[in-house]
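Structural description and commentary
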Amino acid sequence: MKLRNIFPLSGVLLLLTLFGCSSALQLTYSKPPAVPPSKGEISVIVSDERGADYGGNAPNVVGTARNTFGMPFPINAAPGREPSIVTKELIIDCLSAAGYKVIGENKKTPKLFAALKTFWTDGYQHNRLEILVDMELKRSAESKPTWTHDLLANAGMTWGFGGFSQFDRAFTRMLDMARDDLLKQFKSEQFQQKYRRLKR
């Protein structure tokens, strides 16, 4: 086989490997175990504020994969596993693991507002994945926050054989890092003190 024919063939093989058996991503993480709710009740409000070209106009799109020729292909989340849904689920699980009871929104309950800014991956043969969530603990949407935190986690992956499952595994690593950060924050004495201020 002539050398000039090797690269187009390798591109086709990589394309078939990545996208021939493609499926929507599940966006899973290792769920932390819940503990008895001894610290109080809290509500979680998540807003999807991703940029228009980065999932804002298509909530199920979580990134772009590019083949050997640089041709972009969208990476999609499975129905019901859109980033805003997964982010809220992750926050609720971590609050439950820290001893808080998450309930529906009402006037008296402290509220954790979470603005999803980034949930995206892109790259050429090597992809970077990132999640960024701006969080504020407040009495209401109009009040000043007593606690803020920028949740940021990222991971990387180099394309190999295995189809879209390799992207699912990479997103799981990213979400597990986000989980660890949230658990550290929600279990901290500082978070509990700021929460108690809203209960007075």
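Before reading on, note that the structure itself is shown above.
Scoring rules and cut-offs
- Residues numbered from 1 in each chain as written.
- Predicted model: local features only at pLDDT ≥ 70, side-chain atom pairs only at ≥ 80, totals over all residues.
- Heavy atoms only, no water.
- Buried < 20%, exposed > 50% of the residue type's maximum accessible area, 1.4 Å probe, protein only.
- Helix = DSSP H or I, 4+ residues; strand = E, 2+ residues; numbered from the N terminus.
- Arc of directions from axis to C-beta.
- Contact = heavy atoms within 4.5 Å.
- Axes fitted to C-alpha atoms, helices over the stretch in contact; angles between N-to-C directions.
- Parallel < 35°, antiparallel > 145°, perpendicular 65-115°, else oblique.
- Left-handed = near helix turned anticlockwise from the far one by under 90°.
- Nonpolar A, V, L, I, M, F, W, Y, C, P; charged D, E, K, R; others polar.
- Salt bridge = Lys/Arg side-chain N within 4 Å of Asp/Glu carboxyl O.

Moving on: helix H4 (residues 189-199). Buried within H4 are the following residues: Phe191, Gln192, Tyr195 and Leu198. Here the buried residues of H4 occupy an arc of 115° about the axis, which is enough to place them on one side. Residues of H4 that are buried make contact with strand S1 (40-48), helix H2 (83-97), strand S4 (100-102), strand S6 (126-138), strand S7 (147-158) and helix H3 (165-186).

Where H2 meets H3, the axes come as close as 9 Å, and the angle between the chain directions of the two elements is 40°. As the angle between them shows, H2 and H3 are arranged oblique. Every pair of crossing elements has a handedness; the one defined by H2 and H3 is right-handed. Across the interface between the two elements, Val86, Leu90, Ile91, Cys94, Leu95 and Ala97 of H2 pack against Leu175, Ala178, Arg179, Leu182, Leu183 and Phe186 of H3. Looking at the contact of H2 with H3, its residues break down into eleven nonpolar, no polar and one charged.

For the rest of this paragraph, the subject is the pattern of salt bridges. Between side chains of opposite charge, a pair can form when the charged atoms approach closely. Evaluation of the coordinates by the stated rule reveals eight salt bridges. The residue Lys31 makes a salt bridge to Asp93 at a minimum N-O spacing of 3.8 Å. On the criterion of sequence distance, the pair formed by Lys31 in the loop between helix H1 (3-19) and S1 and Asp93 in helix H2 is long-range, its members being 62 residues apart. By relative accessible area, Lys31 is classed as exposed at 60%. A salt bridge links Asp48 to Arg50; its shortest N-O distance comes to 2.8 Å. If you follow the salt bridges from partner to partner, you end up with Asp176, Arg179 and Asp180 in one network.

Function cannot be inferred from these measures alone, as they are strictly geometric.
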